[in-house]
Every structure is written in structure tokens, then in C-alpha cells.
Amino acid sequence: MALSLSNFLVSSIILLTAFVAAETHTYDFSIGWVIRNPDGQKDRPVIGINGEWPIPKIDVTIGDRLIVNVKNDLGNESTSLHWHGLYQNGTNHMDGVAQGTQCQIAPGASFTYSFTVDQPGTYWYHSHVGGQYPDGLRGPLIVHDPENPYADLIDEELIVTLSDWYHEQMPPLIAKFLSVSNPTGAEPVPQSALMNDTQGLQIPVEPNKTYFLRIVNMAAFAAQYFWIDGHTFRIIEVDGVYHEPTEASLLYITAAQRYGVLLTTKNETDANFAIMGSMDQDLFDQIPDGLNPNVTSYLVYDASLPMPEPSEIEEFDPFDDMELVPTDGEELYTDPSLIVQLDVLMDNLGDGANYAFFSGITYVAPKVPSLYTALTAGEFATNASVYGTNTHSFVLEHNSVVEIVLNNQDPGKHPFHLHGHAFQTILRGEEESGDFDPESVTNGSVVYPTKPMRRDVILVRPNGHLVMRFRADNPGVWLFHCHIEWHVDSGLIMQFVEAPLVLQETLTIPEDHFAACAAVSPPVPTIGNAAANTKDYLDLTGQNLPHAPLPSGFTARGIVALVFSIIAGLVGVAVIAWYGMGEMSQLEKEKQVDHVQHVAADRGVVSRTNTAAEGDVAGGGDVISEARAK
Ligand code: C2O
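In this text, all values refer to a predicted model and were calculated from it rather than measured experimentally.

A.B. asks: Can you tell me about the overall build of the protein, naming the residues and giving the values?
C.D. replies: Within the protein, the regular secondary structure consists of 11 helices and 30 strands. In the protein, which comprises 630 residues, the share counted as buried stands at 56%. Relative to all contacts within the protein whose residues are 6 or more apart in sequence, the contacts with residues 24 or more apart total 79%. Counting every atom, the protein has about 24800 Å² of accessible surface; 53% of that belongs to carbon and sulfur.

Here you go:
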């Protein structure tokens, strides 16, 4: 009797919560520098919120409104906030992409994000001013769901964030990465891995309970293998989409991916267990001496017992997410009306630096944020050229089905992310499988799943391929890009402009968004095509363009030789080699310096002078010393 009464109470509470009115969560965020040392190796400036770092975890419930009033108190850098994975259907202008859906928020300026969250799941939020979030401006965003189909199985929730960590700030690292002295485009290697922005964290658990463990990789670069010694778990969510419970013991989680798993604890409390993250070192061009790729936390059943040594794993054989089936059973979209083929390749441009290309185009930000171009271009908004050559835009028809065929012609692994959607992932080629061959589908050697897995970030294997589909049911300007932040900086971005005429009828940009544009120096224009031409939308004269290509026949190896010759020249050994190798003109070399500053300006770094200095923290001197004093 008592039992059934309590059952009754529980179900009426559940019933009640389903009818609770949506809440509004309002945050006032002052974004500014603080000093932290999360890996215990080095104090460094990190970007915090309201003097805190780690930055706040945001918890909302489906249907709630989130209002975030941002004030940029960094002093020396612009910023923005992107709500990674939220579709923003109807609120494209809240997506947070600098020069995509808004202007960068300049130092001293303010900007309000306000939108309703109408999807459940595990998300995160981060700066979308290129290169910035690894300096600390990233945190989890959880959307709770009273109607979680697996709610009956869950006793409690836990969250684990993974990330890589650099001791140096991003602006100087980007300058080194995108430079003639790094012609092969070797990405800076992180110094450590973190879990919940620390190491050695103890997470208390109770025996014989089921936890909904949400795992978010907020890394700049490194994917991590993730496992818990002595335990397996059941995956029920990937990137916010429920999937049928599937047993796994080892996950491979790329930058920006999330997993929601059910973790059932043991009956006994006689031991504690290591929770392990291990960075995928295949991503690193060279492995620095003494790099510890691992981060350990502990599942603590009994705090009086010792914390265990983690077990060694000889070879990683992670769970393949392609096996998952969405809980809602959504079927494969058929008859795509547009197939977008993107061939990924890295190459050098005339400045000698290494850039990333989708089908020969490296992304360069437009002069006018593309959303503002879409809203002001009238009927020309459906002509992709108004968004500029190097935004690499495709205009999509409302509700059409779009297929992306991505051929990775690069020997690296890349996690690709689409804004505004979770896509169906219908095919992933093995490593070295080469470009996608449409014949393989027509001749039946490849069969697409009937209910494909859906997520918003997917790994492509080295020299492999991907086929994805999505429905263009979300009018807006949505980026598709590699979520390795180095590749965002080297241009591995393209964009979809979905139903721009619908946008023109439905979207109104709030005044404070335009005020943010006016606060940038010089002010960012808010009407016109990518070149800010308001008279003739098809005249792109003056648009932002990348460096000219290298003189033909000039290879990365040639640049390496050139760089060595420069170094040799500097030590006075082989001045002649300079001329011998000098197919790149002196002018180009001078422009190189210029270029790094230009890229930085594109990325919203306003003053970069002291950002590199250790100890002497980033440019806004007063801001920093204030932060330090705290
Ligand atoms: Cu996590 Cu373009 O975003």
C-alpha cells in the first residue's frame, strides 16, 4: 500500500513537472581575463566569466528561454558566444558566429543572446571568434528533458568534460601555426589533457545506481579515448539525439562531440576505479618529449580507500558510432535535391603558410556578416555569389534534402560540424578508402542504413570519406566546418544559406546587435554584399580574399628549404641560398608579417602586442593585473 501510494505521488509529480511553465534563465556575463593553472604546471591567463573559471555550466529545461547579457571586459580581444548544437530554428541571429550571424563583440561592447531552447540533450557553449575558445571560453550547456525516454532507468546525472590544454595563448600560437616557418601546417600540440577542467578529480558515486553520465569534449584539437576501468555503459544520446541503448566500453570522442551514457555502478564498494581520458596522439605531427596524453579522474565508491592506478590499454578499439540507431526511428531522407561535394586538402598559399581548402576554396570572412547580407540583398539573396567567393556559400531551398559528400584527401583525422542541424550520417569510409564512389551505391556494394545515426559532429578518417544528409528546414546562415580550431583558423569552413527569402520575412535583428557592429573599430558594415557593396549586389570588387596561390611548382618542401636557407642566412653560413631558393619574392616575405596581423584582425584579435609574453599577460594591462590581484 505504502509503495503504491508513493508510486502514485511520484507519477503525479512527473505529471506536474510536464505542465510546469517554461522558465526564463537570465545570465549577466562579464567576459574577462583571470589567471589559472588547471594542469598544475603553469599559471596562465584564461578567459573567464564574472571572474570565474571554469566558466558556469548552464542548465535549462526544454522549452525554457535563455537570456545571456554579454559584456566584453577582455580589454584586448573581441568575442562572441555560440551555443554548440542548438538548432536556433527561428533565431539564426543568436547563433554567435562572428561575421556569419553577428559582428564580433568588441572590447567594452555588449550583446544580448535571447532564445528559446526547444531540444533536449548535452551541448556546450563557446566563443566563435576564430581561435579563441581554447583560451578558456567554453563550458557545458545541458538541456534537461522531463520526457527523456530513458528517464525510468536514471537515478542521477553526472557530467564529465574533456579538453586539451595549452600553456601559451592562442594569438601567438596561431601566428606561429599560420606562418612561412610552418609550411607543412603542423598544428601546435597541447601540453596536457583535462577532465572537468582539472586532473585527478574524485567523483563520488553510490553503489547499485544508474547515472546518466554526460560527456563533452571541449577540446581545441585532440580527440580523446574515454573509458572507466571495470565498467561498461550504455550509450543513449549522441550530440543531443537519443539513440537506442547500445553497450560500449571505450569511446572515441572528437573535439565538440558529446555522448550521454547510462552508467550502472557496482553492488560492492570495496574499490575505486579510474575514469580515463587519453588524447589521440595520431593527430599530433610530432610528440613532444614527456607529453602525458592522459587525464585521470576517479569513480569513488569509498573515499577512505586508495585511488587506483589506471590500467594500461595496449590498443584502442573504440565503439563505432555508425552502429547507433535513433530512438525516434527517423528514416533515411531520400532524393536529395542538392549534392555538395567537398574535397578536403591542405596547401600553401603565396605567403608560404599552410591553409585548408574545401574543393579549392579556403574560407575568408566577408566584410558584412552573411546573415546581414541575406537580409539586405532582396531577391539577390538567393544568389550565392553575393556572400563572397571565400565564404564558399551554397543557397538552399526551404525544406529540401541536401547531401554532403566529403572526401578527405588529407592524411589527418577531422571532426566535421554543421550548425543548425543534426545530420544523418549514412556512410563513413575506412582509413585510406579514398574518395566516395557513387557507383558503390548504385551497384549495391554499399547499402545505406534505413534509420541512420544523427549527430552534429562526425569524424572522417584519414584519406576516407563521409556521406551525410540533412533537411533544410531551418532558415538561416549555417557554417559547416572542421572543429579542430587550428583548421578553423586555416580556413576549413564553408556555409549554407538556407531559405534566405523566408529569413527576410521572419527575422528582425535587435538594435544591440547593430550597435555591436558600430562598436568595432573600424565599424563593421551591416548592409550590402560580402564586399559591403549596397548598390550592385553582384559586384564583389573589394571583397576579402586569401593570399594568391604559390608560384606554380613551388611545394611545401621548397618552402622548408627556403626557411632553412633563411635560418642558415641568419647565422651567416649560406646567404647565397636565400637567392637560390628565392622563388618567393622579397615582397611576399615582407607581406608575411603583415598577413599574420591581418588574419588576427579577421579573427577579432584587436591588439596582440603582449599576448605572447609569459607572465606579462595579455594586452589589456589593467584588466589583467586586476584579474591577477583577485
Ligand atoms: Cu562548436 Cu562552429 O562550432
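A.B. asks: Before we move on, could you go through a negative patch on the surface and cite the residues and values that matter?
C.D. replies: Negative charge collects at one region of the surface, where Glu 312, Glu 314, Glu 315 and Asp 317 lie side by side. Note that Glu 315 resides in the loop between β19 (294-300) and β20 (338-348). A relative accessible area of 71% means that Glu 315 is categorised as exposed.

A.B. asks: An account of the state of the cysteines is requested, with residue identities and associated values reported.
C.D. replies: Every disulfide links exactly two cysteines, by a covalent bond between their sulfur atoms. Throughout the structure, instances matching the rule amount to 1 disulfide. The disulfide that involves Cys 103 links it to Cys 517, with 2.0 Å between the sulfurs. Because the torsion about its S-S bond is 90 degrees, the bridge between Cys 103 and Cys 517 counts as right-handed. Placement of the pair is Cys 103 in the loop between β5 (82-84) and β6 (110-116) and Cys 517 in helix α7 (residues 511-519), with a sequence separation of 414 residues.

A.B. asks: I'd love a proper account of the pattern of salt bridges, names of residues and values included.
C.D. replies: One pass over the structure, following the stated rule, counts 21 salt bridges. Of the charged contacts in the structure, one is a salt bridge between Lys 71 and Asp 73, with a shortest N-O distance of 2.9 Å. Overall, the relative accessible area of 32% leaves Lys 71 in the partly exposed class. Salt-bridge contacts for Asp 320 lead to Arg 428; the nearest nitrogen and oxygen are separated by 2.9 Å.

A.B. asks: Provide a residue-level description of the sheet that holds strand β28 (residues 465-471), including the pertinent values.
C.D. replies: Spatial strand order, β21-β20-β23-β28-β25-β26: 6 strands in an open sheet with mixed pairing. In this open sheet, the two edge strands, each paired with only one partner strand, are β21 (354-358) and β26 (453-455). Taken pair by pair, the neighbouring strands of this sheet meet at an average axis angle of 30 degrees, ignoring direction. When β20 meets β21, the two strands line up antiparallel, connected through 5 bridges. Its bridge partner being in β21, Met 346 is matched across the sheet by Ala 356.

A.B. asks: How would you sum up the nonpolar core? Please name residues and give values.
C.D. replies: Counting 81 residues, the largest nonpolar core has Ile 215, Phe 226, Leu 251, Phe 480 and Phe 496 as the members making the most contacts within it. Looking at this core, the element that brings in the most residues is strand β18 (residues 273-279), giving 5 residues. Setting aside residues up to four positions removed in sequence, Phe 496 forms contacts with Val 340, Phe 394, Leu 396, Val 402, Ile 404, Leu 418, Phe 470, Gly 476, Val 477, Trp 478 and Phe 480. The next biggest cluster of nonpolar side chains, apart from the first, holds 53 residues, and it includes Tyr 123, Tyr 125, Tyr 387 and Val 524.

A.B. asks: Which residues make up the sheet that holds strand β12 (residues 210-217), and what values do they have?
C.D. replies: Taken in spatial order, the 6 strands make up an open sheet running β10-β9-β12-β17-β14-β15, and their pairing is mixed. Each end of this open sheet is capped by a strand with a single partner; those strands are β10 (192-195) and β15 (241-248). Neighbouring strand axes in the sheet, compared pairwise and without regard to direction, differ in orientation by 25 degrees on average. Pairing analysis gives 7 bridges linking β12 to strand β17 (residues 258-264), with the strands arranged antiparallel. Counted as the bridge partner of Tyr 211 is Leu 263 from β17.

A.B. asks: Which residues make up unusual backbone geometry, and what values go with them?
C.D. replies: Residue Pro 54 is reached from Trp 53 by a cis peptide bond, and omega for that bond is 0 degrees. Across the junction of Ser 521 and Pro 522, the peptide omega takes the value -5 degrees, indicating a cis bond. Locating Pro 522 in the fold gives a position in the loop between α7 and α8 (556-570). Residues other than glycine seldom take positive phi values, yet Glu 432 does so here, at roughly 65 degrees. As for its position among the elements, Glu 432 is in the loop between β25 (423-428) and α4 (439-442). Using a relative accessible area of 55% as the deciding quantity, one classes Glu 432 as exposed.

A.B. asks: Explain α7 to me, and be specific about the residues and the numbers.
C.D. replies: Looking at α7, one finds that the buried residues are His 513, Ala 516 and Cys 517. One face of α7 carries all of its buried residues, which in axial projection span an arc of 100 degrees. Of the exposed residues in α7, those oriented more than 90 degrees away from the buried face are Glu 511 and Ala 518. Summarising the contacts, the buried residues of α7 are in contact with β6 and α3 (370-376).

A.B. asks: Please give an account of the environment of Thr 246 that cites residues and values.
C.D. replies: With respect to the secondary-structure elements, Thr 246 resides in strand β15. It is 7.2 Å that separates the C-alpha atoms of Thr 246 and Leu 324, two residues lying 78 residues apart in sequence. Excluding residues within four positions of it along the chain, Thr 246 makes contact with Phe 233, Arg 234, Ile 235, Phe 319 and Leu 324. At a separation of 2.7 Å, a polar atom in the side chain of Thr 246 contacts the main-chain carbonyl oxygen of Glu 244.

A.B. asks: A description of the pairing of strand β14 (residues 233-238) should follow, citing residues and the corresponding values.
C.D. replies: Where burial is concerned, most of β14 is hidden: 5 out of the 6 residues are buried. As paired strands, β14 and β15 are joined by 5 bridges and run antiparallel to one another. Across the sheet, the residue bridging to Arg 234 is Glu 247, located in β15. Following β14, the chain reverses through 2 residues before pairing antiparallel with β15; Asp 239 in that reversal takes a positive phi of roughly 45 degrees. With 4 bridges joining them, β14 and β17 adopt antiparallel strand pairing. When the sheet's bridge partners are listed, Val 238 is paired in β17 with Tyr 259.

A.B. asks: Residue-level account of the pairing of strand β27 (residues 457-460), with values.
C.D. replies: On β27, burial covers both faces: Val 457 and Leu 459 on one face and Ile 458 and Val 460 on the other are all buried. Alignment of strand β24 (residues 414-418) against β27, held across 4 bridges, turns out to be antiparallel. Looking at the pairing, His 417 lines up with Val 457 of β27.

A.B. asks: Outline the confidence of the model for the protein, supporting the account with residue identities and numerical values.
C.D. replies: The pLDDT averaged across the protein works out to 89; a share of 84% of its residues lies at or above 70. Per-residue pLDDT stays below 50 along residues 571-630; that stretch engages in 97 contacts with residues further than four places along the chain or on separate chains.

Rules behind the numbers
Residues numbered from 1 in each chain as written. Predicted model: local features only at pLDDT ≥ 70, side-chain atom pairs only at ≥ 80, totals over all residues. Heavy atoms only, no water. Helix = DSSP H or I, 4+ residues; strand = E, 2+ residues; numbered from the N terminus. Buried < 20%, exposed > 50% of the residue type's maximum accessible area, 1.4 Å probe, protein only. Contact = heavy atoms within 4.5 Å. Areas by Shrake-Rupley, 256 points an atom, 1.4 Å probe, with all protein chains shown as cover. Patch = residues over 30% accessible without salt bridge, like charges linked within 9 Å, V, L, I, M, F, W, Y side chains within 5 Å. Salt bridge = Lys/Arg side-chain N within 4 Å of Asp/Glu carboxyl O. Lys, Arg positive; Asp, Glu negative; His and termini not counted. Charge placed at Lys NZ, Arg CZ, Asp CG, Glu CD. Disulfide = S-S within 2.5 Å. Pairing = 2+ DSSP bridges. Axes fitted to C-alpha atoms, helices over the stretch in contact; angles between N-to-C directions. Core = buried A, V, L, I, M, F, W, Y, C linked by side-chain atoms within 4.5 Å. Arc of directions from axis to C-beta. Polar contact = N/O pair within 3.5 Å; in protein donor to acceptor, adjacent residues only side chain to side chain. pLDDT = per-residue confidence, 0-100.

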